[in-house]
Structure formats: C-alpha cells, structure tokens
Amino acid sequence: MTSSSKEDEVSTVEVPNSVDVDHDQIERRVLRKIDLRLVPLLIICYFLQYLDKATLGFASIMGIIEDNNLQGQEYSWANSIFFFGYLAFTFPTSVLIVKFPIGKYVSITVMVWAIILMLHAATHNFSGLMAVRFFLGVGEATVVPAFALLIGTFYKREEQPFRQCAFFLGDGIAGILGGLIVWGIAHIQGKLQTWKYLFLIYGAITAFFGAILFFTLPDGPSKSKFLTEEERAIAVDRVQMNGGKKVVSYQRYQVIEALSDPQAWLLVLNTFCVNVATGGLSSFGYILIQGFGFSLFSTLLLQMPAGAAQIIFVCIGAYFGTYVKNARLLTMVFFMLVSITGTAMMFAIPAQHRVARFAGSCLASAFSANLPMATSMVTSNIAGFTKKATVMAMIFVAYCVGRIAGPQFFLQSEYPKYPTGLKAILAVFSCAAVIALILRAYLMWENAKRDKEAGATLGASNESSELSEIDENFTDRENRNFRYLL
C-alpha cells in the first residue's frame, strides 16, 4: 500500500511536468511551421515591392528620362507622385485590412500593382508617367502595414523584431539580385527601349507571385490551413499576451487615443525624417553613383555590395532588437550616426576618390534598418488592435510625406553631385537621432510612473504587461500593467 501510494504520488507530480514539456515542444513546432510558411512569403513579397519601386531609379540611367522628355524637376515629381498615391490609400487600406481576409486582400493588391507596373512601358511623356506612378503607389500601399499586422497576429512581442527585420531583408536581397538582374536586362537587344523590358519583366514576375500568394498567405492563426486544429489553437493562445485581438470594426475611442499619444507622434516624426533621406537616395542614388565616375554597367553591379551592406545593418537591428534588452531605440540612434558618417563621406571626399565615396554610400544605407525597428516599436508598444492599426497608418503617412519631400531637395541644376540634397539628408538624419533619444526618455518616464503607481520595485520586468486583461482589447494606456519596450 505504501509503495503504491508513493508511486501514485510520483505520477501526480510527474504528469503535469510531462504535459508542460509536451506543450513547449508543440509550441516550438508551431512556431517553426509559422516561420517556414510566413517569413519566406514576406521576404519575397517585400523583395518584389522594393524592386518594383526601384525600377524608376534603374530606368533613370537607362534612358527613361530622355525618352519621356522629362525636364527640370519632372523626374523628381515622377518619384514623389508615387507616394501621393501611397498616402491617399493608407487610411482606406487600414480599414480594408480589418474588413476583409488579410491574406486574400494582400494577394489581390500585389496582382493589381503588377499590372500597373507593366503599364509603365507604355508611357512616352511626363503626364503618362505621372499617372502610372500615382496608381502604382495606390497598389503598393497595403503590403507593409498588412505584414506588420500579420506579424503582430502570429508572433509574441519578443519574437516580433527579428521577424519584422526578416521581411525587410527583402530590401537588401533586392539590392544584390536587383542590380544583377537589371545588368542582364540592360544587355537585351530588342525592338523596345531597354528600360521598357525592365518594367515588363518585373511586372510579370510580380503578377505570378501574387497568384501564388492568394493560395498560400494565411489570414490569421485561427485560419491557417497549414496547421492542424490543435496547432491552430496553440497559435492563437500563444499570442494572447500581445494586447489586442482582431475585431470586426474600428473602436473609435482607440483612434482618438492614438492621435493623442506622444510616443505615436515621436515615431511619426522619426519616420518622416528617415524617409526624407530614403526618398532622395532611392530616387537619385544610382545617378549619384554614376556621377562618381562609374559606367552604366558598373553602376548596376555596384548595387550588389550596397545591398549586402543593407542586409548587414538589418541583421544588426534584428539581433539587438531581439536579444539585447531595451536596445531598440539606441540601435536606431546608432544607425543614424553611421548614415551621417556615410553621407558626409559622399559629400566631402574629393571626386578623384570615387571608391571611398561609394563606400560612403554603402554606410549611408544604414538608415534602411530604421523602418523595421520603428515598425516593431509600434507592434510591441501599442496595444489595442484599432489603436495599433491607426498608429501604423500614421507611421506610413509620415513615410509617404517624407518620400514625397526627399526628391525635391535634389535640384536638376546641381546634377550629378546634388550638394543641396546631401545637406538635407545630413540634417534629417541628425533630427532622427535626437527624436529617438527623446522617445526613449519619454518611455522610461512612463514606465517609471507606472511602476510607482503599482508600488513596483525598481527594474520591474517589461513582460509585466503579460498580466493584463488583454482579452478585452485594452490599449496600452488603459492597461496600467503594460510596460513599454525601449
């Protein structure tokens, strides 16, 4: 009897432990399956989006300016108008993301923008080019905010920075492969101008991928057909602590809260500054590099080391954002300092040292890692689905306005050195670094205030937000147990 009772006692202790181990193993398997399905789709889609946006930059050194008879600042406006379309559709798409199955909605927008991209080959003047650029912006406005929300739906807060940065790796991959692909296209000898083949080939590839996306991109954890019923339940359960489940309609008070939140506006200002630089360098970067004294084909091939540099910076951001506690904003400041150094090298190094100036352009690309870091700040620090969607829309309004403004600092009269444009970029990089430091100080103050309210000891865990009643879709302001990541 005694032996039997002891065995029963042991079994009652060991079974829960075994269940916990089994659950952990299942959760790791679920996470692995989510990664294998979601991350490659996000990387490929963002890779294609970057290539499609960059086609005008590549075409600028392949004859599109001359063939469309662009004069003065018309090339700058052809770049800026894209983001008027992007901006016009940012808020409508934030509503549509909530209203429709997100996977199907994203795939349809990808196919729409692919068709519009191919129509670029039919342009022969400024007005035609402006029209297709505007509607291309409309078509591409959905991808980044939708993917950010998908990541917030599938991954825990601590898992998000790495995945956010992962799909932004598409930028760097596009830089490496894109230059090589365009180098090959530039050798085509056909009946059309070479730059027209660029738009037709890229558009056809994107349309094909959009069709694949329609059948493979999941709408959410509970509707993921690649998971079993048990795995879907675990996928839903494991992200319950993120703060805010998807709801059918907007919560209006959360929109108002988003518009009155200081951290939201600081992120907006930081995003605007970074994207003034992005707009200028993405539009005129190829012209600048060719202006250093490189040939057309050399300029195209030099996009490979530039893309590799971008991947390195994104990986640095992913590492520090994921594995180093409260390092996200300081990492953003670091990227700005590196970009300031690189831009100064492009501007100040004498013209005969073209390799050193090109190295400066590679360093300047560090700013490209800031957008995924800023996006992860939203998905990690903003709770409440409607508030999160609204702040994401605000971020991408700032993104658009910055991209609109950036090319206008590059004056055609200063071709090919563009000193005014490079000075403007130095200024906005400096402002972005200061804003990131202010945001960090504000979030530290807010966390300290909440610790004091709760009677918490100094150094309370950021993960205390997991004690919240998030099933009620509370925002980060309503949930006083929430602690902001820095």
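Below you will find a few notes about this structure.

Conventions used here
Residues numbered from 1 in each chain as written. Predicted model: local features only at pLDDT ≥ 70, side-chain atom pairs only at ≥ 80, totals over all residues. Heavy atoms only, no water. Helix = DSSP H or I, 4+ residues; strand = E, 2+ residues; numbered from the N terminus. Buried < 20%, exposed > 50% of the residue type's maximum accessible area, 1.4 Å probe, protein only. Contact = heavy atoms within 4.5 Å. Areas by Shrake-Rupley, 256 points an atom, 1.4 Å probe, with all protein chains shown as cover. Expected span 1.5 Å × (residues − 1). Axes fitted to C-alpha atoms, helices over the stretch in contact; angles between N-to-C directions. Parallel < 35°, antiparallel > 145°, perpendicular 65-115°, else oblique. Left-handed = near helix turned anticlockwise from the far one by under 90°. Nonpolar A, V, L, I, M, F, W, Y, C, P; charged D, E, K, R; others polar. Core = buried A, V, L, I, M, F, W, Y, C linked by side-chain atoms within 4.5 Å. Disulfide = S-S within 2.5 Å. Phe/Tyr/Trp six-rings, centres within 6.5 Å; stacked < 30°, edge-to-face > 60°. Lys NZ or Arg CZ within 6 Å of the ring centre and 35° of its normal. Patch = residues over 30% accessible without salt bridge, like charges linked within 9 Å, V, L, I, M, F, W, Y side chains within 5 Å. Salt bridge = Lys/Arg side-chain N within 4 Å of Asp/Glu carboxyl O.

Along the chain, the regular secondary structure elements total 18 helices and zero strands. Counting across all 486 residues of the chain, residues that qualify as buried make up 55%. For the chain, contacts bridging at least 24 residues in sequence account for 82% of all contacts bridging at least 6. Accessible surface for the chain amounts to roughly 19,800 Å². Of this, 67% is attributable to carbon and sulfur atoms.

In this model, helix 4 (residues 102–119) (18 residues) spans 26 Å end to end at C-alpha, consistent with the 26 Å of a helix rising 1.5 Å per residue. Every buried residue of helix 4 is listed here: Ile 102, Gly 103, Tyr 105, Val 106, Ser 107, Thr 109, Val 110, Trp 113, Ala 114, Ile 116 and Leu 117.

So, on to the environment of Leu 177. Tracing the backbone through its elements, the reader meets Leu 177 in helix 7 (residues 160–185). Exposure remark for Leu 177: the relative accessible area of 38% places this residue in the partly exposed category. As a C-alpha pair, Leu 177 and Met 304 span 127 residues in sequence and 6.9 Å in three-dimensional space.

Quick look at the packing of helix 14 (residues 328–348) against helix 15 (residues 354–364) now. Running from N to C, helix 14 and helix 15 cross one another at 155 degrees; their axes reach a closest spacing of 7 Å. By the angle class used here, helix 14 and helix 15 are roughly antiparallel. The interaxial crossing formed by helix 14 with helix 15 has left-handed handedness. In this structure, helix 14 uses Val 338, Ser 339, Gly 342, Thr 343, Met 345 and Met 346 to contact helix 15, whose residues at the interface are Ala 356, Arg 357, Ala 359, Gly 360, Ser 361, Leu 363 and Ala 364. Each residue belonging to the contact of helix 14 with helix 15 can be placed in one class, and the counts come to seven nonpolar, five polar and one charged.

Among the nonpolar cores identified, the biggest contains 137 residues, and Ile 34 and Tyr 86 are the most heavily contacted of them. Element by element, the count of residues in this core is highest for helix 1 (residues 2–60), at 18 residues. Leave out the neighbours within four places in its chain, and Tyr 86 touches Gln 49, Gly 137, Val 138, Glu 140, Ala 141, Val 144, Phe 396, Tyr 399 and Cys 400.

This part is about the environment of Gln 290. Along the chain, Gln 290 turns up in helix 11 (residues 262–291). With 10 residues separating them along the chain, Gln 290 and Leu 300 place their C-alpha atoms 9.1 Å apart.

For the coordinates displayed, the defined rule picks out zero disulfides. With no disulfide of its own, Cys 273 has Cys 431 as its nearest cysteine by sulfur position, at a separation of 5.0 Å.

With that settled, consider the packing of aromatic side chains. Applying the stated criterion across every chain, the model contains 23 aromatic pairs. Between Trp 77 and Phe 84 the ring centres are 6.4 Å apart and the planes differ by 25 degrees, which places this aromatic pair in the stacked class. Overall, Trp 77 belongs to the partly exposed group, its relative accessible area being 35%. The ring of Phe 214 has Lys 104 sitting right over it, with the charged end atom 5.7 Å from the ring centre.

The grouping of Leu 180, Trp 183, Phe 297 and Leu 301 at the surface amounts to a nonpolar patch, some 310 Å² of accessible area in total. Listing elements by their share of the nonpolar patch, those giving two or more residues are helix 7 and helix 12 (296–301). Turning to its location among the elements, Leu 180 is positioned in helix 7. Under the relative-accessibility criterion, Leu 180 is labelled partly exposed at 39%.

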